[in-house]
Amino acid sequence: MFVDLPVGEPDLAARIVIVVSNVPGPQQTFSMNGEPLREVYPAVPLNPATQGLNVGVMSYDGRIFFGLWRGCPPRPAGAGRGRRPRR
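This one's a predicted model, so the numbers in the text were calculated from it and none came from an experiment.

Cut-offs and rules
- Residues numbered from 1 in each chain as written.
- Predicted model: local features only at pLDDT ≥ 70, side-chain atom pairs only at ≥ 80, totals over all residues.
- Heavy atoms only, no water.
- Phe/Tyr/Trp six-rings, centres within 6.5 Å; stacked < 30°, edge-to-face > 60°.
- Helix = DSSP H or I, 4+ residues; strand = E, 2+ residues; numbered from the N terminus.
- Buried < 20%, exposed > 50% of the residue type's maximum accessible area, 1.4 Å probe, protein only.
- Patch = residues over 30% accessible without salt bridge, like charges linked within 9 Å, V, L, I, M, F, W, Y side chains within 5 Å.
- Areas by Shrake-Rupley, 256 points an atom, 1.4 Å probe, with all protein chains shown as cover.
- Salt bridge = Lys/Arg side-chain N within 4 Å of Asp/Glu carboxyl O.

Engineer: What's the story with the packing of aromatic side chains in this structure? I'm lost.
Structural biologist: Overall, the coordinates contain one aromatic pair when judged by the stated rule. Geometrically, the ring pair formed by Tyr-41 and Phe-65 is edge-to-face, given 5.5 Å between the ring centres and 80 degrees between the ring planes. Here Tyr-41, found in the loop between β3 (35-36) and β4 (53-60), pairs with Phe-65, found in strand β5 (residues 63-70); they are 24 residues apart in sequence, far enough to count as distant. Tyr-41 gets classed as exposed once you look at its relative accessible area, which sits at 51%. Judged by relative accessible area, which is 4%, Phe-65 ranks as buried.

Engineer: Sorry if this is basic, but what is going on with a nonpolar patch on the surface here?
Structural biologist: A surface patch of nonpolar side chains, amounting to about 240 Å² of accessible area, comprises Val-17, Ile-18 and Val-20. Structurally, the position occupied by Val-17 is in the loop between α1 (12-15) and β1 (18-23).

See the structure below:
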């Protein structure tokens, strides 16, 4: 996937709301304590924490697995300014 992003925009990270990452995993079955590992779910951390959603895709043993992490939705410009913090 290719996205045309403006170069040098200072607030670019605050506008990115989704990241998709694919990781090829092992194509043979692993086991733990004699039991086969049947499923894997990728966890892609949010970076920065203001991202809206991260989607991880990983293959394992001939199957595809998805992991979703939801973050904070981006705030509109000026939101949260001028308010007193809660105690």
